[in-house]
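# Report on the structure
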Amino acid sequence: MTKAPSGRSDTSKGSVLSNEHLTRDLGRRTASGGFIALCAQALILLIQVGYMALMARLLQPDDFGLVAMAASATAFVGVFADLGLSMVTIQRKEIDHDTVSALFFVNLGVGFALMPLVWLSAPVATWLFNDPRVFHLILVLAIAIPMTAAGAQHKALLVRNMRWMSLHSVNLGSLLCGCAVGVAMAWGWDFKYWSLAAATLTTALVGTVGQWMLSRWRPTKVDNWKNARSAISFGINYSGSQFTNYINRQSDNVLVGWKSGPGELGFYTRAYSLFMLPVTLVSGPIGSVIIPMLSRLQTQPDKWARTYLSAMRLTLMVNTILCIIITINAQEIVMLVYGGNWSKSGTILMILSLSLITSISGQFGGWALISLGRARELFVFSIFSSLIRFASFLFAVQWGAPGVAVAWSVTSWVFTPVLWFYATRDTNLRFRDLMKAAAPFFFAYVVVVTLFYVGNSIGSSFKFLSSLTEGSLILKSTITIVIYGVFVVAPYRFAGSMLGDMRLFLDKDVPQGT
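Because the structure is predicted, anything quoted here is derived from the model rather than measured.

## Some thoughts on the overall build of the protein chain
Across its full length, the protein chain holds 24 helices and zero strands. Nonlocal contacts in the protein chain, meaning residues at least 24 apart in sequence, comprise 83% of its contacts between residues at least 6 apart. Accessible area for the protein chain stands at about 21,500 Å²; split by element, carbon and sulfur atoms hold 68% of it.

What follows is the structure, encoded as structure tokens:
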């Protein structure tokens, strides 16, 4: 247990809040963290895909649609439970015990205050979706809000301390427990949609307990709230951007459910889950280690800019191939994971996947703003982008879930370069630097995807090309990897860019006192 004596900040050497560990061997810590995160995320991906495949065969589209409806209401309020205070703990160069304790109690208080607020919204959601089953689902799912809030600061400290093994052990353990409960309730006792709700609650509970067990820090009475006030200001702005991102991520579910019912929404959410796999597999873990690293470099503008560009190139190099494979194999992936009854999700996934590379790349703008403490600017951008995207969804929903998927893809291609331009203002990064770094990967994505779609459409005119592009998932993926390796990865490697990028992550210590 780590406690600070009254009137003192617990930032001494060896303390869980000490800044020394963040500057010693920073590059190697980040590199090892990225490797661990990728391995852990690969396991999480396998578990999630297996879980989704099994549950899709045990449940009906309506069951997934009902939970998505209820989750729209709980997430709408639950996004405020953290108030962005976890990111404060991660982003601050120095932080003391009083501040973290204050953030913990604010997190917990907000979580318990929001739970009854969600309960009050249940009748409104029931009326909106015209399904009484949504009412009780919301009451149950709302319990996860204070559960998650109770472990928010402990999780943030694990990230800040770069304790990657502990962090991902909790993530894996909580996910396994949640999946086990969900499958047992669906298969053994036929609880239908309640099995999905139980899995969510189990994951939240086990995750919070694990974070408390693995973090040495414990909250105590707050003697000085001065530093906490400025931290809360940053957190509110960051939370605002998260809320508007919620609008981006949930308004489509709300509109599809309202317009077309739980069945259509079930198809849409299953496609969206597969659409997000490249983000969660690579960009999510890399972001979780890059944001703390960039935050430590915020007082070294030149090195911050070089590290940022290196992270961007390495992330795109890995993710672009995944984006291509999912785009050209959308129908096959849905059939493999969910089965033949989910073919409509394949069409939706194909449309959504056209924006995969831009959805991933757009995160780089957010990384820049967060690491530099510019949460207010991120909030402002999020407001405008969310309003535009909601308007596009509202127009497109008349064509059902496929229309909403088209709106998502089009707006993603527009928002990404705008966010890059906005994020690079007043930094040592230039907009054209980002464009130059991303151009080879965007070009490769467009060319390879176009090749396969043209091959499918020309039929017998060019039999060889058609036989390759209309082959099995394994054949098309193998061809894609070969093309990508020859025309993208090899030139990037032989030019020395990859080695240069990797050296930045293995660089020596960040000097103290900068």
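## With respect to unusual backbone geometry
Note on backbone geometry: most residues besides glycine have negative phi, and most peptide bonds are trans. With a phi angle near 55°, Asn130 is a residue other than glycine that sits in the positive phi range. Counting through the fold element by element, Asn130 comes out in the loop between α5 (97-129) and α6 (133-141). Its relative accessible area of 68% is what places Asn130 among the exposed residues. At Lys192, a position not held by glycine, the phi torsion is positive, near 55°.

## Thoughts on the nonpolar core
Core analysis: the biggest nonpolar cluster contains 134 residues, and Leu274 and Tyr308 have the highest contact counts within it. It is helix α14 (residues 301-328) that provides the largest number of residues to this core, a total of 14 residues. Setting aside residues no more than four positions away along its own chain, Leu274 makes contact with Met52, Ile326, Ile333, Val334, Val337, Tyr338 and Leu349. Counting five residues, the second-largest nonpolar core is a separate cluster that includes Val100, Phe104, Leu157 and Trp217.

## As for the pattern of salt bridges
For the structure shown, the criterion picks out five salt bridges. As a salt-bridge pair, Lys344 and Glu264 come within 2.5 Å of each other at their nearest N and O atoms. Pair noted here: Lys344 is in helix α16 (residues 343-353) and Glu264 is in helix α12 (residues 262-275), with a separation of 80 residues, a long-range link. What makes Glu264 buried here is its relative accessible area of 13%. Notably, a salt bridge pairs Arg430 with Asp433, separated by 3.2 Å at the nearest N-O pair. Given the relative accessible area of 42%, Arg430 is considered partly exposed. On the basis of relative accessibility, which here comes to 17%, the residue Asp433 falls in the buried class.

## Considering helix α19 (residues 375-396)
Over its 22 residues, α19 runs 31 Å from end to end, which matches the ideal 32 Å to within 8%, given 1.5 Å per residue. Where α19 is concerned, the buried positions are Ala375, Leu378, Phe381, Ser382, Ser385, Ser386, Arg389, Ser392, Phe393 and Ala396. The arc that holds the buried residues of α19, viewed along the axis, is 140°, so those residues lie on one side. Of the exposed residues in α19, the ones pointing more than 90 degrees away from its buried face are Arg376, Phe384, Leu387 and Phe395.

## Considering the side chain of Ser215
Counting through the fold element by element, Ser215 comes out in the loop between α10 (193-214) and α11 (226-260). Within the local environment of Ser215, its side chain forms a polar contact with the backbone nitrogen of Trp217, the two atoms lying 3.4 Å apart. In this structure Ser215 touches His154, Leu157, Leu158 and Arg163, once residues within four positions along its chain are discounted.

## Some details on the side chain of Gln211
If you trace the backbone, Gln211 turns up in helix α10. Judged by relative accessible area, which is 8%, Gln211 ranks as buried. In contact with Gln211, not counting residues within four places along its chain, are Gly151, His154, Lys155 and Val170.

## Brief notes about the environment of Ala368
Here Ala368 lies in helix α18 (residues 363-371). When its relative accessible area of 3% is taken as the criterion, Ala368 is described as buried. For the pair Ala368 and Trp304, spaced 64 residues apart in sequence, the C-alpha to C-alpha distance is 9.3 Å.

## Here's the deal with the packing of helix α9 (residues 164-188) against α10
Relative to each other, α9 and α10 sit at 155°, their axes nearing to 7 Å. Overall, the two elements α9 and α10 adopt an arrangement that is roughly antiparallel. Crossing hand, α9 versus α10: right-handed. Side by side, α9 and α10 meet where Ser166, Val170, Gly173, Ser174, Leu175, Cys177, Gly178, Val181, Gly182, Met185 and Ala186 of the first sit next to Trp194, Ser195, Ala198, Ala199, Thr202, Thr203, Val206, Gly207, Gly210, Gln211 and Leu214 of the second. Residue composition of the contact of α9 with α10, by class: eleven nonpolar, eleven polar and no charged.

## Describing the packing of aromatic side chains
Inspection of every chain in the model, using the stated rule, returns 19 aromatic pairs. Relative to Trp408, the ring of Phe393 lies with its centre 6.3 Å away and its plane at 5°, an arrangement referred to as stacked. One end of the pair, Phe393, is in helix α19; the other, Trp408, is in helix α20 (residues 400-423), with 15 residues separating them in the sequence. Note on accessibility: Phe393 and Trp408 belong to one class, buried. Among the aromatic residues, those joined into a cluster by ring pairs are Tyr268, Tyr272, Phe275, Phe393 and Trp408. Here Arg389 stacks its cationic end above the ring of Trp408, 4.0 Å away from the centre of that ring.

## Comments concerning the packing of α5 against helix α8 (residues 152-160)
The relative placement of two packed helices comes down to the angle between their axes together with the axis-to-axis distance. The interhelical angle for the contact between α5 and α8, taken along N-to-C directions, is 140°, at an axis separation of 9 Å. The orientation of α5 relative to α8 falls into the category oblique. Every residue of α8 that contacts α5 at Val100, Leu103, Phe104 and Asn107 is listed here: Ala152, Gln153, His154 and Leu157.

## Observations regarding the confidence of the model for the protein chain
Summarising the model, the protein chain shows a mean pLDDT of 78, and 79% of its residues fall at 70 or more. Confidence over residues 1-9 falls short of pLDDT 50; this stretch has 17 contacts with residues more than four positions distant or in other chains. Overall, residues 508-514 carries pLDDT values under 50, and its contacts beyond four positions in sequence, including any with other chains, amount to 16 contacts.

Scoring rules and cut-offs
Positions within a chain are numbered from 1, following the residues in the order the chain's sequence is written. Local features in this predicted model are restricted to residues of pLDDT 70 or higher, and side-chain atom pairs are both shown and tallied only at a pLDDT of 80 or more, whereas totals for entire chains, interfaces and linings draw on every residue. Side-chain figures throughout are based on the complete set of non-hydrogen atoms in the structure, without hydrogens or water. A run of DSSP states H or I qualifies as a helix once it reaches four residues; a run of E qualifies as a strand once it reaches two. Both are numbered from the N-terminal end. In this description, contact between two residues means that some pair of their heavy atoms is separated by no more than 4.5 Å. Only the protein chains shown count as covering a residue, and every accessible area follows the Shrake-Rupley method with a 1.4 Å probe. Classification of residues uses two cut-offs on accessible area relative to the type maximum, computed with a 1.4 Å probe and protein chains only: under 20% is buried, over 50% is exposed, and between them is partly exposed. The definition of a nonpolar core used throughout is a set of buried Ala, Val, Leu, Ile, Met, Phe, Trp, Tyr and Cys residues joined through side-chain atoms within 4.5 Å. Only one rule defines a salt bridge in this text: a Lys or Arg side-chain nitrogen within 4 Å of an Asp or Glu carboxyl oxygen. Multiplying 1.5 Å by the residue count of a helix minus one yields the expected span of that helix. In this context, the arc is that of the directions from the helix axis out to the C-beta atoms. Identification of polar contacts relies on pairs of N or O atoms within 3.5 Å, with a donor-acceptor requirement for protein atoms, meaning one able to donate a hydrogen and the other able to accept it, and with residues adjacent in sequence counted only if both atoms are side-chain atoms. Note on geometry: axes are lines fitted to C-alpha atoms, helical ones only across the stretch in contact, with angles between N-to-C directions running from 0 to 180 degrees. Reported orientations rely on four angle classes, namely roughly parallel under 35 degrees, roughly antiparallel over 145, roughly perpendicular from 65 to 115, and oblique for the rest. It is the rotation of the near helix from the far one that decides the hand of a crossing: anticlockwise by less than a right angle makes it left-handed, clockwise makes it right-handed. Each residue is assigned to one class: nonpolar for Ala, Val, Leu, Ile, Met, Phe, Trp, Tyr, Cys and Pro, charged for Asp, Glu, Lys and Arg, and polar for all the others, Gly among them. Centres within 6.5 Å are what make two rings of Phe, Tyr or Trp a pair, Trp counting through its six-membered ring; a difference in plane orientation under 30 degrees is then read as stacked, over 60 as edge-to-face, and the rest as tilted. A positively charged side chain is recorded as over a ring if its NZ (Lys) or CZ (Arg) lies within 6 Å of the ring centre. The angle to the ring normal must also be within 35 degrees. The predictor reports its confidence for every residue as pLDDT, a score running from 0 up to 100.

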